[in-house]
Amino acid sequence: MSASLAAAPPQGTAAEIARSVRAGERSAREVLDAHLAGVEATEGEVHAFNLVLADEARAAADALDVRIAAGEDPGPLAGVPVALKDNLCTRGIPTTCSSKILAGWRPPYDATVVQLLAGAGAVTIGKTNLDEFAMGSSTENSAFGPTRNPHDPTRVPGGSSGGSAAAVAAGFAPISLGSDTGGSIRQPAALCGVVGLKPTYGLVSRYGLIAFASSLDQIGPFATTVADAALVLDVIAGHDPHDSTSIPEPVPSYSATLDRGVEGLRIGLITELMGEGIAPDVAARVREAAAALEAAGATVGEASVPAARLGLSAYYLIAPAEASSNLARYDGVRYGLRVDAPTTGEMMTATRTAGFGAEVKRRIMLGTYALSAGYYDAYYGKALKVRTLIIRDFAAAYEHFDLLLSPTSPTTAFALGDKTADPLSMYLNDVCTIPTNLSGDAAISVPFGTGDDGLPVGVQLLAPALGEVAMLRAAAVVEAAAPRNAEVRA
Amino acid sequence: MAAMSERITRDDVAHVATLAKLALSDAELDEFTEQLAAVLDHAADVEALDVADVAPTAHPYPLSNVLRADELGPTLDRDEVLAQAPAVADGRFSVPAILGEEP
């Protein structure tokens, strides 16, 4: 066990920062400088960032302060530092996906979420580390070295959005954005003791999110509180004509209804995700969270989602299949790395061989195989049908329950190097989070005490598509009932 | 591990690598064959299902024929895009020889 690097955000929550900056009580610059001082102090040990944008952030904060002095209101995230997962395009600023194949690339446009955050007054403090192309559950697959868990630097932060989770847990920023394809927001949130929200597929625009598995990817926030996660979702949710999978429906205010409690809500504990493979201490925290929801007025029962256990196999056929197609674009022609060779075909092979890390190659190979002649029906075709079964089973469960509850991750944070030699053991980490991605529904991980090792445990609340309002209300109840932060190893 | 080796062979892996434009060393071929077999073994639960009557789901949210209004709008700046390319010529992406032609 090593000394903890976990720290509360130095200037309070995003909501507190925005309120005081809008009121002129604090400058955006002093808020930023306090966070940069934290980065300066411990980032060398945490390695949450691929790139810290200190100069750009100072210029943005100063510009905000000028506007506020002139009587303008920059918006609901005024002066709030935000860390962005390095698979979100930022115009003119290197965006790597933690891959050598994109090293040095500067996108010619901003992701929609990046524009929305800036438009609400947030200040981008840096680009965070991830498993290469978001493929992994520990951030050890980064070409630029692993991120460490601030609660214990010998442990992984989870992944793939490990840098964004660690940045919030280390107090480098009160909020960050990640992406979640099979649990890549919720699992690192659980392991790092912060809140992580995967919105309904299509609620948040994916324009400018570098694609991994397009039918599963979704952008969402990390925060230290459920209220901050709701505040960020208020800013980033909504239809975007640049994303043809974006849901063309009006979006409610998630913050406005956050304090309405769970009286009358029916919440189901997913039995298939409470037994085999789930650590007893993690399961115990989930049962305590269920009891807290019941004490707050919810009805809690046992829910069955039989196909949930098939999710892992289906996911590890579907996601690599989509990835093998999406990553075909890295061919040394239009951007990023090129390894010279006499012919275009040889150049492409040389570039991809040198540019991709082992896990990305593994997934491309798996996906190419699952899609190849003779195996398509047995693997990819079957997996798409299992996806239907999972959607049916969730729909059946939601006839009896408004929300579902489960662990986020089967265990607390594991040690660096523990699972890197055995990819399947790493994949098994995603068993609780994957079903939500396959169904396209919403889910959130909320910190709830610790395991026997003193490390954070996250409980997962799941909702049907566009069920974020009730889900966030329940998340706020779980948060309020959680063992206090002081009891988490610090 | 006998069952695993039946799942995917070293030759299968080498063939897939060619399709995916990846050059693998002998050691990588061995390692990937074993690792992919383990994942495919786990997928035996899916492979074994009788789902003949189940329709596939390719996409979670039922949207179809998404069209936008036919209106002019901003597009990416060509010079900014080409500035990121490994090689350009005459305002276009440039590549080495194709189909055996001289470059």
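Reading the values: the criteria
- Residues numbered from 1 in each chain as written.
- Chains lettered and ligands numbered in written order.
- Predicted model: local features only at pLDDT ≥ 70, side-chain atom pairs only at ≥ 80, totals over all residues.
- Helix = DSSP H or I, 4+ residues; strand = E, 2+ residues; numbered from the N terminus.
- Rg over C-alpha atoms; globule rule 2.2 N^0.38 Å.
- Buried ≥ 20, exposed ≤ 12 C-beta atoms within 10 Å, placed from the backbone.
- Contact = placed C-beta atoms within 7 Å.
- Pairing = 2+ DSSP bridges.
- Axes fitted to C-alpha atoms, helices over the stretch in contact; angles between N-to-C directions.
- Core = buried A, V, L, I, M, F, W, Y, C linked by C-beta atoms within 7 Å.
- pLDDT = per-residue confidence, 0-100.
- Parallel < 35°, antiparallel > 145°, perpendicular 65-115°, else oblique.
- Left-handed = near helix turned anticlockwise from the far one by under 90°.

**Details of the overall build of chain B**
Then, in step 1: Across its full length, chain B holds five helices and two strands.
Then, in step 2: Listing every helix and strand of chain B by position from the N terminus yields α-α-α-α-α-β-β.
Then, in step 3: Over its C-alpha trace chain B gives a radius of gyration of 23 Å, far above what one expects of a compact globule, namely 13 Å for 103 residues.
Then, in step 4: Counting only C-alpha atoms and orienting by the principal axes, one finds that chain B spans roughly 55 × 45 × 20 Å.
Then, in step 5: Scored against the burial criterion, the 103 residues of chain B give a buried share of 19%.

**A short note on the overall build of chain A**
Then, in step 1: Secondary structure assignment for chain A yields 15 helices and 11 strands.
Then, in step 2: The C-alpha atoms of chain A give 21 Å as radius of gyration, which agrees with the globular expectation for 490 residues (23 Å, within 12%).
Then, in step 3: Along the three orthogonal principal directions, the C-alpha set of chain A runs to about 60 × 55 × 50 Å.
Then, in step 4: Within chain A, buried positions represent 64% of all 490 residues.
Then, in step 5: Taking as baseline every contact in chain A between residues at least 6 positions apart, the subset at least 24 positions apart corresponds to 77%.

**A few points about the sheet that holds strand S4 (residues 175-179) of chain A**
Residue and element names in this part refer to chain A.
Then, in step 1: One open sheet accounts for 11 strands, arranged S1-S3-S2-S4-S6-S5-S10-S11-S9-S7-S8; its pairing is mixed. Both outer strands of the open sheet, strand S1 (49-52) and strand S8 (299-303), are each paired with one neighbouring strand and no more. Taken over all neighbouring pairs, the strand axes of this sheet differ in orientation by 25° on average, direction set aside.
Then, in step 2: The sheet contact formed by S1 and strand S3 (residues 123-128) spans three bridges and is antiparallel. Bridge assignment links Val52 to a residue of S3, and that residue is Gly126.
Then, in step 3: Against the sheet, helix H7 (residues 226-236) contacts S4, strand S5 (195-198), strand S6 (219-223) and strand S10 (442-450), and its axis sits at roughly 150° relative to S6.
Then, in step 4: Across the face of the sheet, helix H8 (residues 280-295) comes into contact with strand S7 (266-270), S8, strand S9 (403-407), S10 and strand S11 (456-463) while running at roughly 150° to S9.

**A look at helix H4 (residues 112-119) of chain A**
Residue and element names in this part refer to chain A.
Then, in step 1: Turning to H4, its buried residues are Thr112, Val113, Val114, Leu116 and Leu117.
Then, in step 2: Those residues of H4 hidden inside the fold are in contact with strand S2 (81-85), S4, S6 and H7.
Then, in step 3: Within two residues after H4, Gly121 carries a phi angle of roughly 95°, on the positive side.

**Observations regarding the nonpolar core**
Then, in step 1: In this structure, Leu461 and Val478 of chain A are the most contacted members of the largest nonpolar core, which totals 184 residues.
Then, in step 2: Ignoring any residue separated from it by four or fewer positions in sequence, one finds Val478 of chain A in contact with Ala289, Ala292, Leu293, Val446, Phe448, Val459 and Leu461 of chain A.

**A look at the pairing of S5 of chain A**
Residue and element names in this part refer to chain A.
Then, in step 1: Burial along S5 is two-sided: the residues Val195 and Leu197 and Gly196 and Lys198 are all buried.
Then, in step 2: As judged from the two bridges shared by S5 and S6, these two strands associate in the antiparallel manner. Bridge pairing in S6 links Val195 to Ala223.

**Some points on the interface of chain B and chain A**
A common way to report how large an interface is uses the accessible area buried once the components associate.
Then, in step 1: Opposite the 46 residues of chain B that make contact, chain A presents 56 residues.
Then, in step 2: Elements with a minimum of two residues in the side of chain B that touches chain A: helix H2 (10-19), helix H3 (26-42), helix H4 (44-47) and helix H5 (78-82) of chain B.
Then, in step 3: When residues of the side of chain B that touches chain A are assigned to their parent elements, the largest contribution, six residues, is made by H3 of chain B.

**Focus: the confidence of the model for chain A**
Then, in step 1: Confidence along chain A averages 96 in pLDDT terms, with 99% of residues attaining 70 or more.
Then, in step 2: Within the model, the stretch residues 486-490 of chain A combines pLDDT values under 50 with 12 contacts to residues more than four positions away or in other chains.

**Comments concerning unusual backbone geometry**
Then, in step 1: At the junction of Gly159 of chain A and Ser160 of chain A, the peptide bond is cis and its omega measures out at 10° in the coordinates.
Then, in step 2: Mapped onto the elements, Ser160 of chain A comes out in the loop between S3 and helix H5 (162-169).
Then, in step 3: Even without a glycine there, the phi angle at Ser98 of chain A is positive, about 50°.
Then, in step 4: Mapped onto the elements, Ser98 of chain A comes out in the loop between S2 and H4.
Then, in step 5: Notably, Asn65 of chain B is not glycine yet its phi reads approximately 50°, a positive angle.
Then, in step 6: Mapped onto the secondary structure, Asn65 of chain B falls in the loop between H4 and H5.

**Describing the packing of H8 of chain A against helix H15 (residues 468-481) of chain A**
Residue and element names in this part refer to chain A.
Then, in step 1: Interaxial distance between H8 and H15 falls to 9 Å at its minimum, and their mutual angle equals 110°. The angle between the axes of H8 and H15 places the two elements in the roughly perpendicular class. The handedness of the crossing between H8 and H15 comes out as right-handed. Here Ala289, Ala292 and Leu293 of H8 lie close against H15, whose contacting residues are Ala474, Val477, Val478 and Ala481.

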